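Tertiary structure, described
In case you want the letters, here they are:
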Amino acid sequence: MKPKTAKLWAKQDQHQGDRWRLFSAVAQAIDAETVFYPGSYVDVAPSFVFASVTYLDVDKRARAFFDDTGGVLKIIADHDGPPEADVSFIHRSYDLVLDLPTEHFDLLVSLFAGFVSEHCTQHLRIGGTLLVNPSHGDAAMASIDPRYELEGVITSRSGEYRVDTKDLDTYLIPKKPQPITAETLHHTCRGIGYTKTPYAYLFTRVA
């Protein structure tokens, strides 16, 4: 493993095992093998639990990280990942046309990366799952997208993650009455203040 690869991963994993625990909780809750992770930077934690992951980021450091294929595979192996992990990386912005199949992936990941759901849903199969957190407003964007239905929320306590599918109608309720449109979300690029605030949401693509 190249020293730069190790350094980038150490900085990414500064809360040791946090993302590993997150994606393990997701894997236990849904049936998924193929994952698409736009805006991933160097977060390879999905590959600790899922067989095939396509990462995408425009950052040059992410490209250098994934170019060290042996180093990346060692990180995955050190975390008990699949013995034949299928890892690919695309150095590109997700809001551009991507040379990827439509309705292909089982899981689309949107964490701290902007409006991933708006630009990349076409690559998620119908019946597949969107994992999205409130950062930059993408959870709110998914909540008003007719292609999605809320299927669960992810809560975090003492560094452990749990998927909850009960009382979903009590989530995504704004603290203050306000119009939620794509235009307003683009204008603010911020999440909506909801009465209940889980770490992230799981939406099913239904159309």
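Scroll up to find the structure this text is about.
All figures in this text were calculated on a predicted structure; none of them were measured in a lab. (Residues numbered from 1 in each chain as written. Predicted model: local features only at pLDDT ≥ 70, side-chain atom pairs only at ≥ 80, totals over all residues. Heavy atoms only, no water.)

**Re the pairing of strand β4 (residues 105-110)**
- Of all six residues that make up β4, six are buried, and the element is covered over most of its length.
- Sheet topology places strand β1 (residues 34-38) next to β4; two bridges connect them, and they run parallel. Paired with phenylalanine 36 across the strands is leucine 108, a residue of β4. (Buried < 20%, exposed > 50% of the residue type's maximum accessible area, 1.4 Å probe, protein only. Helix = DSSP H or I, 4+ residues; strand = E, 2+ residues; numbered from the N terminus. Pairing = 2+ DSSP bridges.)

**Here's the deal with helix α4 (residues 69-78)**
- For α4, the complete set of buried residues consists of Gly71, Val72, Ile75 and Ile76. Along the long axis of α4, the arc covered by the buried residues comes to 140 degrees, so they all point the same way.
- Elements in contact with the buried residues of α4: α1 (3-12), α3 (60-67) and β3 (86-91).
- Where α4 ends, the next residue or the one after it, aspartate 80, has phi of about 60 degrees, a positive value. (Arc of directions from axis to C-beta. Contact = heavy atoms within 4.5 Å.)

**Digging into the pairing of strand β2 (residues 52-57)**
- With six of its six residues buried, β2 lies for the most part within the structure.
- Residues Ser52, Thr54 and Leu56 point to one face of β2 and Val53, Tyr55 and Asp57 to the other, with burial holding for every one of them.
- In terms of strand pairing, β1 meets β2 through five bridges, oriented parallel. By the bridge assignment for β2, tyrosine 37 is matched with tyrosine 55.
- Across six bridges, the pairing between β2 and β3 is parallel. Its bridge partner lying in β3, threonine 54 is registered against serine 88.

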